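# A look at the structure
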Amino acid sequence: MAESIPAPLIIDTLKDTFREARAARTAEGWPASRHDFLGWILSVPDTHQKTVLAALDKEDSLRVITCATEDEAATMAAGLYMGGEPVMLMIQHAGLYASVNTLRGVAMDGKIPMFYMIGLLSREKDKDPKESRHSMVRFAEPLLDTFSVPHARLEGPNDVHLIPEYYRLSRQRKGPAVVLVGLETI
Amino acid sequence: MAIKPEEALKAIAAARGNAICVPTMTTSPAWREIAPDDLSVGCVGFMGGASAMGAGLALARPERRVIVFDGDGSLLMQLGSLATIAGARPRNLVHLLFKNGVYHTSGSQDIPGGLTVDFVTMARGAGYKSAMAITTLEEFKRKLPELLTAEGPIFVELHTSLADQTPMTARGGRSFPDQVEQLRSKLLAAR
C-alpha cells in the first residue's frame, strides 16, 4: 500500500540532489555562482505537494520561482540549464497535460535535461493509478510512455532515492525524466 | 513610420557587447544573418517560450545582459510570463516586443485585438522595472545604450513593420539542440 512522504525527507533529498549537481557543475568548469543557494525549483503550485511547498517557503538553500504556467516553468528551466544552473520542476499532472508541446519542443527536441516532480492529485491510496476513477490520474503514466519519457513513482519514504536517480537520468539522456508523487505529501 | 525589424536588429547587433540574444519567429531568420554567432538561441517550435527562456538565462548569468526578441502573437501565448518574469526579477533582462499586430508566419492574420493591445500597460502592471513603447528607429537607437545598462526587467514595445522573412520562407540555420549546446559551451568557455 502506498504511503505519504514527509516534506522534510523530500527537502533533504532535494538538497542532496542539488549538492551533487553543483559538484558536477564545478567539475565541468563552471565558475562559482553569484548566489549561495543550491539550486532552482520552478513551481506551478501543486496541491498534492503543498507541504513541500510550505517547507520550501522557509528554506533559504533552495530558490523557488513560482511560474504562472508549466510552459513557462519548462522554458525557464531550459534557460537556467543553458546558463549552467541546477534546476528542477515541481508541478501537477494537470500541468503536464497543459504543457505537452513545451515538453516535446524544448526538453525532447532540444535535448535539454529536465527533471520533473509531478503530483498525482486525487490518486486513490489503494489503487494503481491505471485503475483510478480520475482521468487526470489514469492518463499521466500512459502519456509519459507515449512520449518515451522515463518515469517512476514515489510510493513511500523508501522511494526518495528515485529523486537523485531520475535527476541524473535527465542529465545523462539529455531530456525529460519524471518522478510522480503517488500520494499527497505530509 | 514603423520600425523595420531588420534595422532594429542591426542596431542591437552593433550595441549588444557580450549580451545573449533570444530571437523567436520572424526575427530568427534575420538575426542569424545579422549576428551569426553562438551567443544566441532561437525559439521556433514552441511559440511563446522566448520570454521565460530568456529570463532563465538572465537568472543563470547575471553578469551578462540577456535580450529577448519576442513577438506580439508569441507573447500572447504565454502572457502570464510577464508576471512570472516580474516576480523572478532578472535585473539583466531586456524584453523587446516586436509588435506588428499579426501572425506573420501563418499568413498575417490579426492577433486578438490587433494593434490595439497595449503590452506596455500589461508589463508595467505585471511589475516590470520599466516599460515603454518606441515607435521610430531613431528613438530606439538613442535609447539602446540605456536599455543595455539600466536595471531590469525592462520591457520595450517596438512598433514594427513586417520582417522580410519568416521561419517558413527562410528555413535553415542551426538546429535548436545545436544552438543550446553551442551557447552552453560558449558560456562555459567564457568563465
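Sequence order sets the numbering: in each chain, residues are counted from 1 along the sequence as written. The order in which chains are written sets their letters, starting at A; the order in which ligands are written sets their numbers, starting at 1. For a predicted model such as this one, the threshold for reporting local features is a pLDDT of at least 70, and the threshold for listing and counting side-chain atom pairs is 80 or more; totals across whole chains, interfaces and linings nevertheless cover every residue.

## A short note on the overall build of chain A
Runs of H or I in DSSP of at least four residues are treated as helices and runs of E of at least two as strands, each being numbered from the N terminus. Regarding its fold elements, chain A presents 8 helices and 6 strands. Reading the secondary structure of chain A in the N-to-C direction produces α-β-α-β-α-β-α-α-β-α-α-β-α-β. For the radius of gyration, the atom set is restricted to C-alpha positions; the globular benchmark scales as 2.2 Å times the number of residues to the power 0.38. Here chain A has a C-alpha radius of gyration of 15 Å; the compact-globule value for 186 residues is 16 Å, and the two agree. A principal-axis box enclosing the C-alpha atoms of chain A has dimensions of 50 × 35 × 30 Å. A residue pair is marked as a contact if its C-beta atoms, positioned from the backbone, fall within 7 Å. Taking the intrachain contacts of chain A between residues at least 6 apart in sequence as the baseline, contacts between residues at least 24 apart amount to 75%.

## Notes on the overall build of chain B
Looking only at helices and strands, chain B features 8 helices and 7 strands. For chain B, whose C-alpha radius of gyration is 15 Å, the value lies close to the compact-globule estimate of 16 Å for 191 residues. Sorting the 191 residues of chain B into buried and exposed places 49% on the buried side. Put simply, of all contacts in chain B between residues at least 6 apart along the chain, 75% involve residues at least 24 apart. Residue burial here comes from a neighbour count, namely the number of other C-beta atoms, placed from the backbone, that lie within 10 Å of the residue's own C-beta, with 20 or more meaning buried, 12 or fewer meaning exposed, and in between meaning partly exposed.

## Things to note about the pairing of strand 3 (residues 87-92) of chain A
Residues and elements named next belong to chain A. With respect to burial, strand 3 is a largely interior element, 6 of its 6 residues being buried. At least two bridges found by DSSP between two strands is the condition for calling them paired. Where strand 1 (residues 39-43) lies against strand 3, 4 bridges are found, and the strand directions are parallel. When the sheet's bridge partners are listed, Trp40 is paired in strand 3 with Val87. The pairing of strand 3 with strand 4 (residues 114-119) spans 4 bridges and is parallel. The residue of strand 4 that forms the bridge with Gln92 is Gly119.

## Some details on the interface of chain B and chain A
Residue-level contacts link 30 residues of chain B with 30 residues of chain A. Only helix 3 (50-60), helix 5 (81-88) and helix 8 (176-189) of chain B provide two or more residues apiece to the side of chain B that touches chain A. It is helix 3 of chain B that provides the largest number of residues to the side of chain B that touches chain A, a total of 8 residues.

## Details of the environment of Ala123 of chain B
All names here are of chain B. For Ala123, the position within the fold is in helix 6 (residues 119-126). Judged by local crowding, Ala123 falls into the buried class, with 26 C-beta atoms found within 10 Å. Expressed as a C-alpha distance, the spacing of Ala123 and Gln165, which sit 42 residues apart in the sequence, is 28 Å. Beyond its immediate stretch of four places on either side in the chain, Ala123 contacts Leu82, Tyr128, Ala131 and Phe155.

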